[in-house]
Amino acid sequence: MIFLRCHSRGIHSLRGKLTLANVALLALGIIVATAVSLMGMRYYLLDQIDSELLKTRDSLGSTQITARQIDSLSALALVRDGRIPETQGPPNSDSLFAAVDGEGRATTIGRFKPTENQNDLAAAVDDPRALTGDAEPHDVSVGGNPYRVTAVSLTDGTTILLATSTDALHKGMAKALKLDLTFGVLLLALLAVLTMLSVSRRLRPLEDMVETSSAIAEGDLARRVPSSHHPTQEVEQLRLALNSMLHQVESAYRTRERSATQLRRFVADASHELRTPLSAIRGYLQLYDKGMLREPAERKRAWDRMTGEADRMARLVDELLTLARLDQQPELRFKNVDLSRLVRDAAEDLRAQQPERPVSVGAEGALLIHADESGLRQILGNLVANVRTHTPADVAVTLGLERVDGVVRLCVADEGPGLDEEDASRIFDRFFRAGGGAGSGLGMAIVQGVAMAHGGEVAVRTAPGEGLAVTVTLPAKACGG
């Protein structure tokens, strides 16, 4: 059952390999242990049999008895079928003896002829006299049964073969082998079950990782690998690393999708912005081509309109090029710039363009900053143009500048209608114009791009009816003394 389960998951899986490895190691241990135990048991039991045979041989040899004397002993009348009683020879009923002549044939003892077992014993021994000098008995087969045999020479030259059956020994070893194999198989099965359960529990986090990966592949980018109840250190480290990677992948994917969406919207907005002046120029050219502009005043008005649309298109292209350069992180020409002077110049330009607008400036003295002057002028120009375009001409404007904790904050605030929360969240989007107002919708995007190129940031504070305040913060590393 266990191996069927292992096979159903595949023996080439990690679960199958670990199970097979444990089972193979235990099987090898059982085989070695069984072999050692059987060899030890055989050596011990054979040593007992050999000791009895050698003891009997030594006792018989030390009596200096002859075959004739043996024949005359009345005790030999008890011999039956080649077996000697327990009091006359080896200590068990499995013992066998035979007297052999010089040619190795069993001889008659007294009035008893050699039995079939005695003849077989004599025939199984090639050189009986050689056994008398051997230190250990030898294995022979008598009637198909295993025996251990040794020999002793009597004083008259007769050789007596002494043998003891080892059949019980071999049967006992066979039973022990079967018992070891039975318990070994049970242990292997138990180990396979425990290994499968343990490995399944330990590898559950890996299965969760597979499920999570499949879910992510199907589009569920927010899916993460859950934590197990009893994780191992390595698996937990892998889970944390995988979740961190998945978070990075999700963030990168979301960023790419957002960038792709912004790019599509940017292309659509740019196409729309460029199509409008192109359509106007084409329309006036068609009117001129068809001769419908007969009066000089009409031609003059058409010419002025085409020139204005061309200028508008040129400004739009310039702003798009500026954003493109900012996206590529250009190398700015840094130098010490008096930002207070730039703020005062921007305020004077606004007063000249809209004399009726109240303009207050909080930038007295000099404030030097190590930055790109053209970029800073572009920031001020776009912020002032944003106020001029989207607020009534009589709305007050404040241009403030301060150094706080090693940073410089430039703030342009108006008291105009302000923006709602949705429009404020999109104020830095390209081609975004609150309420569809005038302008290209790129001014605030350029302000943010230039500020970020200087290592700074832009913040907006606004609410409906409370005006709009844009604060540009430049870091301390960009500031000079």
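Not measured: the values here are computed from a predicted model.

**Focus: the confidence of the model for the protein**
Interpreting fine coordinate detail is not advised for predicted regions of low pLDDT. Overall, the predicted model of the protein reaches an average pLDDT of 78, with 82% of residues at or above 70. Considering only residues more than four positions removed or in separate chains, one finds that residues 1–8, a stretch of pLDDT under 50, has 12 contacts. Residue range residues 74–92 is modelled with pLDDT below 50. Its contacts to residues more than four positions away, or to other chains, number 28 contacts.

**Focus on the environment of Ser 251**
Summarising the element assignment, Ser 251 is placed in helix H8 (residues 233–289). On the basis of relative accessibility, which here comes to 30%, the residue Ser 251 falls in the partly exposed class. Between the C-alpha atoms of Ser 251 and Leu 221, which are 30 residues apart in sequence, the distance is 9.4 Å.

**Some words on the packing of helix H2 (residues 14–62) against helix H6 (residues 167–202)**
Taken N-terminus to C-terminus, the directions of H2 and H6 make an angle of 160°; their axes are 9 Å apart at the nearest point. In terms of orientation, H2 lies roughly antiparallel with respect to H6. Both H2 and H6 take part in a crossing whose hand is right-handed. Along the lines of polarity and charge, the residues of the contact of H2 with H6 split into 19 nonpolar, eight polar and three charged.

**Digging into the sheet that holds strand E10 (residues 457–462)**
As summarised here, the arrangement of the five strands in space is E6-E8-E9-E11-E10, forming an open sheet in which the pairing is mixed. In the strand order of this sheet, the two ends are held by strand E6 (359–362) and E10, each with one partner. Between one strand and the next, the sheet's axes are offset by a mean angle of 15°, whatever the strand orientation. Here six bridges tie E10 to strand E11 (residues 468–474), and the two strands are oriented antiparallel to one another. Bridge pairing links Val 460 to Val 470 in E11. The strands touched by helix H13 (residues 443–453) within the sheet are E10 and E11, with E10 carrying the most contacts at an inclination of about 140°.

**A short note on unusual backbone geometry**
Leaving glycine aside, a negative phi is the common case for residues, and trans is the common case for peptide bonds. For Asp 405, which is not glycine, the phi dihedral falls at a positive 50°. Position of Asp 405 among the secondary structure elements: in the loop between strand E8 (397–404) and strand E9 (407–414).

**Structural notes on empty space enclosed by the protein**
Counted according to the given criterion, the structure contains two cavities of 30 Å³ or more. One number sums up the size of the largest cavity: a volume of about 40 Å³. Looking at the largest cavity, the residues that line it are Leu 339, Leu 376, Ile 379, Val 408, Leu 410, Val 472 and Leu 474. Those elements that place two or more of their residues in the lining of the largest cavity are helix H11 (373–390), E9 and E11. For the lining of the largest cavity, a count of residues per class yields seven nonpolar, no polar and no charged. Roughly 30 Å³ of internal volume is contained in the second largest cavity. Of all the elements in the fold, those that place two or more residues in the lining of the second largest cavity are H11, E9 and E11. Ranked by residues supplied to the lining of the second largest cavity, first place goes to H11 with three residues. Broken down by class, the residue content of the lining of the second largest cavity amounts to five nonpolar, one polar and one charged.

What counts as what
- All chains use their own residue numbering, which begins from 1 and follows the written sequence.
- Residue-level local features of this predicted model are given only where pLDDT is at least 70; pairs of side-chain atoms are given and counted only at 80 or more, and the full residue set underlies all totals for whole chains, interfaces and linings.
- Working from all heavy atoms in the structure, the side-chain values ignore hydrogens and water.
- pLDDT expresses, on a scale from 0 to 100, how confident the predictor is about each individual residue.
- Any two residues whose heavy atoms approach within 4.5 Å at even a single point are treated as in contact.
- Secondary structure elements follow DSSP: runs of H or I of four or more residues count as helices, runs of E of two or more count as strands, with numbering from the N terminus.
- Residue exposure (1.4 Å probe, protein chains only): buried if accessible area is under 20% of the type maximum, exposed if over 50%, otherwise partly exposed.
- Orientation is described by axes fitted as lines to C-alpha atoms, over the contacting stretch for helices, and by angles from 0 to 180 degrees between their N-to-C directions.
- What sets the label is the angle itself: under 35 degrees gives roughly parallel, over 145 gives roughly antiparallel, 65 to 115 gives roughly perpendicular, and the rest give oblique.
- Each crossing gets its hand from how the near helix is turned against the far one by less than a right angle, where anticlockwise is left-handed and clockwise is right-handed.
- Classification used: nonpolar for Ala, Val, Leu, Ile, Met, Phe, Trp, Tyr, Cys and Pro, charged for Asp, Glu, Lys and Arg, polar for all others including Gly.
- DSSP-based pairing: two strands are paired if at least 2 bridges between them are found.
- Cavities and pockets are defined on a 1 Å grid built over the protein atoms alone: a cavity is a set of grid points where a 1.4 Å probe fits but cannot escape, while a pocket is an open set with protein on both sides within 12 Å along at least five of seven lines, and lining residues are those with an atom within 4 Å of any such point.
- Grid points are joined across faces, edges and corners, and a volume is the space filled by probe spheres set on the points.

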